[in-house]
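Coordinate analysis (summary)
One-letter residues, chain by chain:
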Amino acid sequence: MRIRIIAVGTKMPGWVEQGYAEYAKRLPRDCAVELVELPLAQRGKNTDIARAMEKEGEDMLAAIGKGEQVIALDVKGKAWSTEQLAEQMADWRMSGNNYCLLIGGPDGLAPQCLAQAHMRWSLSALTLPHPLVRILVIEQLYRACSILQNHPYHK
């Protein structure tokens, strides 16, 4: 099983890169995660946000690997506890499929990305800044792996 996080936005602040890197390096080899960063569509004072999101969506869809199961991070998705995420990951391992998690930009995911998703996962009912979502996702993946390996981190 391979998990890739496909996220809109490059040149993240140092605290985001450091936070992400800290949890990514803790992951065991059999649970490694790859981060794919896509450029944010041009935004300005008179930007058509729908068009910017469409461009980001096109780039995301092009980055999805053949046969990957797509999981969209979406506020309207299903909320999982950490234990439920661990169960999901155990199922993912058994399926033999590869997975990609889609994290949208400041305006969320494009409709075509949501339509492509096999699942929608909500981290919170709160609206979260997209850079912070990267850290939350990688930490939760690490925590779920810890549960599956009976590691005490989750306690």
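On a predicted model such as this, the values are computed, not experimentally measured, just so you know.

Attention shifts here to the environment of R43. Inspection of the secondary structure puts R43 in the loop between β2 (33–38) and α2 (49–63). For R43, a relative accessible area of 24% corresponds to the partly exposed category. For the pair formed by R43 and L85, sequence separation is 42 residues and the distance between their alpha carbons is 34 Å. Not counting residues within four places of it along the chain, the set of residues in contact with R43 comprises I49, A52, M53, E56, P106 and D107. A polar contact is formed between the side chain of R43 and the side chain of E56, at a distance of 2.6 Å. Polar contacts involving the side chain of R43 include one to the side chain of D107, which spans 2.8 Å.

Tallying each qualifying case throughout the model produces four aromatic pairs. Ring centres 5.1 Å apart and planes at 25° place the aromatic pair W80 and W121 in the stacked group. Placement of the pair is W80 in the loop between β3 (69–79) and α3 (82–95) and W121 in strand β5 (residues 119–122), with a sequence separation of 41 residues. Each member of the pair, W80 as well as W121, carries the same accessibility label: buried. Both rings, one in W92 and one in Y99, keep their centres 4.8 Å apart while their planes meet at 25°; by these two values the pair is stacked. Comparing W92 with Y99 shows no difference in burial state: the two are buried. Three or more aromatic residues link up through ring pairs in this structure, and these residues are W80, W92, Y99 and W121.

It is worth spelling out the packing of α3 against helix α5 (residues 130–148) at this point. With their axes 8 Å apart at the nearest point, α3 and α5 run at an angle of 75° to one another. In terms of orientation, α3 and α5 fall into the roughly perpendicular class. Residues T82, E83, L85, A86, M89, A90 and R93 of α3 form the contact with α5, whose own contacting residues are Q140, L141, R143, A144, C145, I147 and L148. Its residues assigned to classes, the contact of α3 with α5 comprises nine nonpolar, two polar and three charged.

Cut-offs and rules
- Residues numbered from 1 in each chain as written.
- Predicted model: local features only at pLDDT ≥ 70, side-chain atom pairs only at ≥ 80, totals over all residues.
- Heavy atoms only, no water.
- Helix = DSSP H or I, 4+ residues; strand = E, 2+ residues; numbered from the N terminus.
- Buried < 20%, exposed > 50% of the residue type's maximum accessible area, 1.4 Å probe, protein only.
- Contact = heavy atoms within 4.5 Å.
- Polar contact = N/O pair within 3.5 Å; in protein donor to acceptor, adjacent residues only side chain to side chain.
- Phe/Tyr/Trp six-rings, centres within 6.5 Å; stacked < 30°, edge-to-face > 60°.
- Axes fitted to C-alpha atoms, helices over the stretch in contact; angles between N-to-C directions.
- Parallel < 35°, antiparallel > 145°, perpendicular 65-115°, else oblique.
- Nonpolar A, V, L, I, M, F, W, Y, C, P; charged D, E, K, R; others polar.

Keep in mind these numbers describe shape, not what the thing actually does.
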